[in-house]
Amino acid sequence: MRIGELAAVAGVSTRAVRHYHRIGLLPEPARQPNGYREYGLRDAVELARVRRLTELGLSLDEVRDVLADDAGKDLAEILTELDADLARQEETIRRRRARLRDLLAQADADGGLPPEAPVSPALAALFADFDRAAAHLPGPEPASLALDRRLLALLDTSAPAAGDWLGPLAEAFTADPGTTRRAYALYRRLDDLADAAPDDPRVEGTARELLALLPTDLAVGDGPGDGPDNGFLDAVYADFSPAQAAVLRRVISFLKERTP
């Protein structure tokens, strides 16, 4: 048989056959005087087995081990490992589909997903609560609120213990309509500091108002702001104006004073 006939019999492409030769998975057959490869029945049987093994999900290296006479693992052992790997993939897919169902249900219940989506269900619920609470407040959403939401979404993803403090932190802003109005007004004051100097007299008052909205048991050690300024905090401050960053620094200073 020529290479095209061999490939057709085994149900693979001629390119795959040449690749298997190139990586040493299939031995090179004898060649005719004109240089063409000449394949026999044994070659077709071996190639068909390669196809069956790869369709099971074995890598080409694993196929090589199965085909080798001195393989370190027999086929049953390799198939057992493959089955365990597929079970792990199946569980991962199951969790991903469950997460997608949650997101679709959230989109259906809330009329869409927040701009920061996907985030954890808890944070998404808190965003939705705040949106509902602030729906009747005048004016567009403050720019500093939009930035704060993006920051919370980042912490929700990257902070290992975010679930321990993000919930109480965000819930403090939606405890009741009055609290939500205060939070909204505070974000507007932060917007007003966009062009101010860091020593603006409004910085101290705004920081104290923000601190008053935070849970009383929130301390620096509860989140990524713990310890001295670091690269993460520097990046956060860089996204705010100098006066707004001064407010955040002052709040962190207050929180340090709370820490035992």
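Residues numbered from 1 in each chain as written. Predicted model: local features only at pLDDT ≥ 70, side-chain atom pairs only at ≥ 80, totals over all residues. Heavy atoms only, no water.

**Student:** Quick one: what's the story with helix α9 (residues 177-192), residue by residue and with numbers?
**Tutor:** Taking 1.5 Å of rise per residue, the 16 residues of α9 would be expected to cover 22 Å, and the 23 Å separating its terminal C-alpha atoms lies within 8% of that figure. Turning to α9, its buried residues are Thr179, Thr180, Ala183, Tyr184, Leu186, Tyr187 and Leu190. Looking down the long axis of α9, one finds its buried residues gathered within 160° of arc, a one-sided arrangement. Away from its buried face, by an angle of more than 90 degrees, α9 presents the exposed residues Pro177 and Asp192. (Helix = DSSP H or I, 4+ residues; strand = E, 2+ residues; numbered from the N terminus. Expected span 1.5 Å × (residues − 1). Buried < 20%, exposed > 50% of the residue type's maximum accessible area, 1.4 Å probe, protein only. Arc of directions from axis to C-beta.)

**Student:** Can you tell me about the pattern of salt bridges, naming the residues and giving the values?
**Tutor:** Applying the stated criterion to the full structure yields 10 salt bridges. Residues Asp200 and Arg202 are paired through a salt bridge, measuring 3.0 Å at the closest nitrogen-oxygen approach. According to the relative accessible area criterion, Asp200 is buried, its value standing at 17%. Across the pair Arg208 and Glu204 runs a salt bridge whose closest N-O atoms are separated by 3.0 Å. (Salt bridge = Lys/Arg side-chain N within 4 Å of Asp/Glu carboxyl O.)

**Student:** Give a description of the packing of helix α6 (residues 121-134) against α9 that names residues and reports values.
**Tutor:** Close contact between α6 and α9 brings their axes to 10 Å; oriented N to C, the two are set at 90°. With respect to α9, the axis of α6 lies roughly perpendicular. Of the residues in α9, those touching α6 at Phe130, Ala133 and Ala134 are Thr180, Ala183 and Tyr184. When its residues are assigned to classes, the contact of α6 with α9 shows 5 nonpolar, 1 polar and no charged. (Axes fitted to C-alpha atoms, helices over the stretch in contact; angles between N-to-C directions. Parallel < 35°, antiparallel > 145°, perpendicular 65-115°, else oblique. Contact = heavy atoms within 4.5 Å. Nonpolar A, V, L, I, M, F, W, Y, C, P; charged D, E, K, R; others polar.)

**Student:** Run through helix α1 (residues 3-10), naming residues and quoting values.
**Tutor:** Taken as a whole, α1 has its buried residues at Ile3, Leu6, Ala7 and Ala10. Seen end-on, α1 carries its buried residues on one side only, within an arc spanning 95°. Along α1, the residues that are exposed and aim more than 90 degrees away from the buried face are Ala8 and Val9. Check the buried side of α1 and you find it contacts α2 (14-22) and α3 (41-55). Once α1 ends, the next one or two residues include Gly11, with phi positive near 75°.

**Student:** Go over the packing of α9 against helix α10 (residues 202-213), please, and point to the residues and values.
**Tutor:** Relative to each other, α9 and α10 sit at 150°, their axes nearing to 10 Å. On the basis of their axis angle, the class for α9 and α10 is roughly antiparallel. Here the hand of the crossing between α9 and α10 comes out left-handed. Judged by residue contacts, Thr179, Arg182, Ala183, Leu186, Arg189, Leu190 and Asp192 of α9 engage Arg202, Thr206, Glu209, Leu210, Ala212 and Leu213 from α10. (Left-handed = near helix turned anticlockwise from the far one by under 90°.)

**Student:** Can you break down the environment of Met1 residue by residue, with the values?
**Tutor:** Within the secondary structure layout, Met1 lies in the segment before α1. Remark: the alpha-carbon pair of Met1 and Ala44, spanning 43 residues in sequence, is separated by 9.2 Å. Discounting residues that sit within four places of it in the chain, Met1 has contacts with Leu6, Val9, Arg37, Glu38, Tyr39, Gly40 and Ala44.

**Student:** Could you give an account of the packing of aromatic side chains, with specific residues and numbers?
**Tutor:** Applying the stated criterion across every chain, the model contains 0 aromatic pairs. Above the face of the Tyr36 ring, Arg2 is positioned so that its terminal group lies 4.5 Å from the ring centre. Positioned above the aromatic ring of Tyr237, the side-chain terminus of Arg249 is 4.0 Å from the ring centre. (Phe/Tyr/Trp six-rings, centres within 6.5 Å; stacked < 30°, edge-to-face > 60°. Lys NZ or Arg CZ within 6 Å of the ring centre and 35° of its normal.)

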